[in-house]
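Here's the letter readout for the chains.
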Amino acid sequence: MFLLRESLGFGSEAVATTIMQATYLAASVMFILGLKSLTRADSARRGMQQAALGMFFAVIGTMLNQHILTYQWIMIGLVVGAAVGYPMAMKVAMTSMPQFIAFSHAFGAIAATLVGVVEYRELTREGALTSGLAGALGFEVLFGALTVTGSFMAFGKLQELITGRPITFKGQNAVNLLLMAVAFGSFGYLIYNPMAAWAFYGVVGLALFLGISMVLPIGGGDMPVVISLLNSYAGLAAAATGFAIGNNVLIIAGALEGAGGFILSVMMSKAMNRSFGNVIFGAFGSAPSAAKKIGEAKEPKTITAEDAATQLAYAGSVVIIPGYGMAVAQAQHVCRELHELIEAQGGSVKYAIHPVAGRMPGHLNVIMAEAGIDYGALLTDVDDANRVLGSADIAIVIGGNDIVNPDADEDKSSPLYGMPIFRPWTSKVTYVIKRGKGVGFSGVENPLFTLDTTRMLYGDAKNALGTLVKEIKALNEGH
Amino acid sequence: MTLMMQVYVFILAGFVGFLVIGKVPPLLHTPLMSATNAISGISLVGAIVAAGGQHGKVSTILGFIAVVAAATNVVAGFLITDRMLGMFKHPPKKTEGGAK
């Protein structure tokens, strides 16, 4: 590396810096083009491979930095990181994608935070710390540290290492606000007096604590918003790193992620019928609004797998509405089998995928794609899907609940009121495959189950679909 | 580079982000998130300088950990994005070239 550096322009700092900046510019352009490619499923893969190449250029360019005096630890670090990251990425199941992303956010944030700490140490020692730099560093460690613990908490909840239910206590919001106020106070003092190391490390410590206390009261079903928000924070931490070390590519990449995470969290909140603030401070579903009586409710009608199979075999159009329950049961592959059988009989099958189905934005799309289902069959727009449902013969709800709750349309007192939902009851008949008679994560009863055109098929999604497949095959052999 | 210039870059990049990412269909929201996550692993660049600067033992150790964490983020992020995107298939185009 030294040799390479020396041979380029005889070690001239100006030449090395120019080359380095050129790689950063190239990387920035490739990142933006990579994200742009994600607007189309057929161009996305190649675009992101180019973005990866951009990252590679940026790393190589950085090696020319004149401030680097030893490569030993860098090389070991890169090898270890690659050795950890590779098997992780190749092995992770699509169902576990949210945990994986949370984990990855935490790692990126660890890096940003530590870089901030190192910078702070160096700059104070050199006495070169200005208020502006202190502000950038404070921002960096604030968002970085918050993302580290917040992501680990989200990871723990998703992986069910800790309960997925909201953990709440009295005065929780007050405690969080106080923590936030003290953190911002320290941050402010740091800008006023950059040499105040206690203020700097205070920000780090408080942010670490804040990350935990912010995610603690948030339930598993709200994870799409949290993950998006952490995505945004991780981006802001990276951008702040760029401010602190005067590096544009970090600022650009960080701004891109910050914007992306923000857009997604707003979209997710909307799709869940919640405001941002409500997700963070609301802890809805914690005190189950079980006030709603089940007593007067009618008993849901059931159907046998045999009857359902007969109906499905002769159905013209079927719409499947998968929820997180389907992913948990790993039923996507048998779902595709059913799909293929119906198509072989001349029927058509589409999937209605709700924006918040799953534990992160777009989660169910990946699960269905993993099962080999053509993405052309995935209806991701709620209005489009409802149009198709309106003319469908059979709608099958698998492991979903709140996303098909008619209360969202009709019951003004329901917490779901106004949420964009699928309307399976507009098709001729609705089958609901469900483990038991429980409520959705919002704790709200679902009147869909007792409608005259709804038939319940109780059981584990994978087994129930498996039985349907078997029955249809038996029907075919009977011919 | 002055602070003002950095703010310019940040704001403009943010705009590009909003414009580009706002057009990503819900179909690809999960890969989008892993993609932005991988890209923000660019902190690796800062970590590399911190680890190689020979600013003393503590800084080197912290820098080293930062390199490991950021490299994990980058490698895992890009690989998983690629793995996911490879799963999205549309038959009419699948006839050729869909190898790997």
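Residues numbered from 1 in each chain as written. Chains lettered and ligands numbered in written order. Predicted model: local features only at pLDDT ≥ 70, side-chain atom pairs only at ≥ 80, totals over all residues. Heavy atoms only, no water.

**Quick look at the environment of G478 of chain A**
If you trace the backbone, G478 of chain A turns up in helix α18 (residues 461-478). Residues G478 of chain A and G390 of chain A, 88 residues apart in the sequence, show an inter-C-alpha distance of 32 Å. (Helix = DSSP H or I, 4+ residues; strand = E, 2+ residues; numbered from the N terminus.)

**Some points on the nonpolar core**
One finds F31, L312, Y351, I396 and L468 of chain A to be the most contacted residues of the largest nonpolar core, which totals 187 residues. Ranked by residues supplied to this core, first place goes to helix α5 (residues 97-126) of chain A with 13 residues. If sequence neighbours within four positions are ignored, F31 of chain A has contacts with A51, G54, M55, V249, A253 and L256 of chain A together with I39 and I42 of chain B. (Core = buried A, V, L, I, M, F, W, Y, C linked by side-chain atoms within 4.5 Å. Buried < 20%, exposed > 50% of the residue type's maximum accessible area, 1.4 Å probe, protein only. Contact = heavy atoms within 4.5 Å.)

**Some remarks on empty space enclosed by the protein**
All names here are of chain A. Counted under the stated rule, the structure contains one cavity of 30 Å³ or more. As a volume, the largest cavity reaches approximately 90 Å³. Residue lining of the largest cavity: eleven residues in total, with M214, V215, V226, L230 and Y233 positioned closest to the centre. Those elements giving two or more residues to the lining of the largest cavity turn out to be α6 (131-158), α8 (197-215) and α9 (223-245). Per-element accounting of the lining of the largest cavity gives the leading share, four residues, to α9. Considered class by class, the residues forming the lining of the largest cavity number nine nonpolar, two polar and no charged. (1 Å grid on protein atoms, 1.4 Å probe; cavity = no way out; pocket = protein on both sides within 12 Å on 5 of 7 lines; lining within 4 Å. Points joined across faces, edges and corners; volume = space filled by probe spheres on them. Nonpolar A, V, L, I, M, F, W, Y, C, P; charged D, E, K, R; others polar.)

**What to know about the confidence of the model for chain B**
All names here are of chain B. Taken residue by residue, chain B gives an average pLDDT of 88. The fraction at 70 or more is 90%. Within chain B, the lowest mean pLDDT, 56, falls on helix α5 (residues 91-94), and the highest, 95, falls on helix α4 (residues 57-85). Predicted confidence for residues 93-100 stays below pLDDT 50, and this span has three contacts to residues more than four positions away or in other chains. (pLDDT = per-residue confidence, 0-100.)

**Looking at the packing of helix α2 (residues 13-37) of chain A against helix α3 (residues 41-62) of chain A**
Residues and elements named next belong to chain A. Running from N to C, α2 and α3 point in directions that differ by 165°, and their axes come no closer than 8 Å. The angle between α2 and α3 places the two elements in the roughly antiparallel class. In terms of crossing hand, the pair formed by α2 and α3 is left-handed. The residue makeup of the contact of α2 with α3, split by class, is 13 nonpolar, nine polar and no charged. (Axes fitted to C-alpha atoms, helices over the stretch in contact; angles between N-to-C directions. Parallel < 35°, antiparallel > 145°, perpendicular 65-115°, else oblique. Left-handed = near helix turned anticlockwise from the far one by under 90°.)

**With respect to unusual backbone geometry**
All names here are of chain A. Positive phi outside glycine occurs at E160, with the angle close to 65°. Secondary-structure assignment places E160 in the loop between α6 and α7 (172-192). Positioned with a positive phi, Q330 is a non-glycine residue whose angle comes to about 55°. On the basis of relative accessible area, Q330 is assigned to the partly exposed category, the value being 31%.

**Here we look at the side chain of T147 of chain A**
Relative to the helices and strands, T147 of chain A is located in helix α6. For T147 of chain A, the contacting residues outside a window of four places in its chain are H105, A106, A109, L230, Y233 and A234 of chain A.

**Here we look at the side chain of N73 of chain B**
Residue placement: N73 of chain B occurs in helix α4. Other than its neighbours up to four places away in sequence, N73 of chain B contacts S104, F107 and G108 of chain A together with N37, A38 and G41 of chain B.

**Description of the domain arrangement of chain A**
All names here are of chain A. Domain annotation for chain A reports domain 1 (1-91), domain 2 (112-287) and domain 3 (305-478). Put simply, the middle of domain 1 and the middle of domain 2, counted by C-alpha atoms, are 26 Å apart. Of the residues lining the interface, six residues belong to domain 1; the matching set on domain 2 comes to five residues. Between domain 1 and domain 2 lies a buried interface of about 490 Å² when both sides are counted; carbon and sulfur atoms form 80% of it. Considering only the side of domain 1, the residues that lose the most area to domain 2 are Y24, S28 and F31, jointly responsible for 64% of the buried surface there. The interface formed by domain 1 and domain 2 includes zero salt bridges. Across the contact surface, domain 1 and domain 2 share zero residue pairs in polar contact (both at pLDDT 80 or more). Among the residues forming the side of domain 1 that touches domain 2, the class breakdown is five nonpolar, one polar and no charged. (Domains from an automatic or database assignment. Buried area = accessible area lost by both parts, 1.4 Å probe. Salt bridge = Lys/Arg side-chain N within 4 Å of Asp/Glu carboxyl O. Polar contact = N/O pair within 3.5 Å; in protein donor to acceptor, adjacent residues only side chain to side chain.)

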